[in-house]
Amino acid sequence: MSSSSTAPRRGGKAEAAAAKPPMRDALVAAAFRLFLERGYEQTTVDDIVALAGVGRRSFFRYFPSKEDVVFPDHERCLADMTAFLAAGSDDDEPVRRVCDAARLVLGMYAENPAFSVQRYRLTKRVPGLRAYELSVVWRYERALAEYLRGRFAGRRDGTLQADVIAAAVVAAHNNALRSWLRSDGEGDAGATVDHALGFVQAAFGHAPAGPDGRRSGAGSEVRGKAAAEDVVVVVARRGTPLWQVVREVETALGPGGSARN
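(A) Here's a closer look at the nonpolar core. The biggest cluster of nonpolar side chains holds 39 residues, and the ones touching the most others in it are Met 81, Tyr 140, Leu 144, Leu 148 and Val 169. For this core, the elements supplying multiple residues, two or more each, are α7 (74–86), α8 (94–111), α9 (113–125), α10 (127–151), α11 (158–182) and α12 (189–204). Once you skip the residues sitting within four places of it in the chain, Tyr 140 turns out to touch His 74, Cys 77, Leu 78, Met 81, Val 105 and Met 108. Ala 31, Val 69, Phe 71 and Leu 122 belong to the second largest nonpolar core, which has 20 residues in total.

Here it is, written out as structure tokens:
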């Protein structure tokens, strides 16, 4: 037998290491395999590490608890969202910025649709995981609200506005995300979430700039009565949500009038 037949091939160990999934990913894969085969409650951390071929210490190096292995990427995503918000400028429209931040969460789910669908189904069956998921969602909402509070500082009811808008963004995002997950990850998740967040943007964000470059803003005043031609002049302060302007125009037009977009 020649020496070349017994010597390891150059780069063989490196290729084997590259083919082997990282320990964190191996733990997640082992956990979900057992959750699906035995059930979440019936699976222990000892079962997971035995299947993954590592020790308990390795598990807890990556995951503080068994619940955390079900949501392995949320800490990273929350950090990415916080950094994204912090990197914004004063020129960014605040509501659009938090909507874009919410899309980062969608990106995390869309990276691996099969895993996301598995997790959704598992979470629906296990009350403890649903409670854990709610705590994760609350942390996302707080991150959005903190950003908006900073942008709305000094504004009348600025804290209230920030908290309401943050809750609306999370509700719209989650409604669209769950719809996509219920469809087994089929279809365009981005388009579904964009449609939902569009309602938030329309309700709380700035209207597009007009020919003079001015935008509608918070608090508005409608002047004038509906004439025979149904012409109404609207004077709005900066920050007025579009829905409020439309409602006041409709009020000025009266029962027989209508506001057209």
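(B) Spotlight on the packing of aromatic side chains. Tallying each qualifying case throughout the model produces seven aromatic pairs. Each ring, one from Phe 35 and one from Tyr 40, has its centre 5.0 Å from the other, and the planes form 55°; the classification is tilted. Judged by its relative accessible area of 1%, Phe 35 is buried. Taking the centre distance of 5.2 Å and the plane angle of 20° together, the rings of Phe 71 and Tyr 132 count as stacked. You can see Phe 71 sitting in the loop between α6 (66–70) and α7 and its partner Tyr 132 sitting in helix α10, a full 61 residues away along the chain. Linked through ring pairs, Phe 32, Phe 35, Tyr 40 and Phe 115 together constitute an aromatic cluster. Seen from the ring of Tyr 40, Lys 66 lies directly overhead, with NZ or CZ sitting 4.1 Å from the centre. Above the ring of Phe 152, the side-chain terminus of Arg 155 is found at 4.1 Å from the ring centroid.

(C) Representation of the packing of α8 against α12 within the structure. Relative orientation of the contacting elements α8 and α12 amounts to 160°, with a least axis distance of 10 Å. Between α8 and α12, the angle falls in the class roughly antiparallel. Of the two elements, α8 crosses α12, and the hand of that crossing is right-handed. For the pair α8 and α12, contact is made by Val 95, Arg 96, Cys 99, Arg 103 and Leu 106 and by Ala 189, Gly 190, Val 193, Asp 194, Leu 197, Val 200, Gln 201 and Phe 204, respectively. Here the residues of the contact of α8 with α12 are counted per class, giving eight nonpolar, two polar and three charged.

What counts and how
Residues numbered from 1 in each chain as written. Predicted model: local features only at pLDDT ≥ 70, side-chain atom pairs only at ≥ 80, totals over all residues. Heavy atoms only, no water. Core = buried A, V, L, I, M, F, W, Y, C linked by side-chain atoms within 4.5 Å. Buried < 20%, exposed > 50% of the residue type's maximum accessible area, 1.4 Å probe, protein only. Helix = DSSP H or I, 4+ residues; strand = E, 2+ residues; numbered from the N terminus. Contact = heavy atoms within 4.5 Å. Phe/Tyr/Trp six-rings, centres within 6.5 Å; stacked < 30°, edge-to-face > 60°. Lys NZ or Arg CZ within 6 Å of the ring centre and 35° of its normal. Axes fitted to C-alpha atoms, helices over the stretch in contact; angles between N-to-C directions. Parallel < 35°, antiparallel > 145°, perpendicular 65-115°, else oblique. Left-handed = near helix turned anticlockwise from the far one by under 90°. Nonpolar A, V, L, I, M, F, W, Y, C, P; charged D, E, K, R; others polar.

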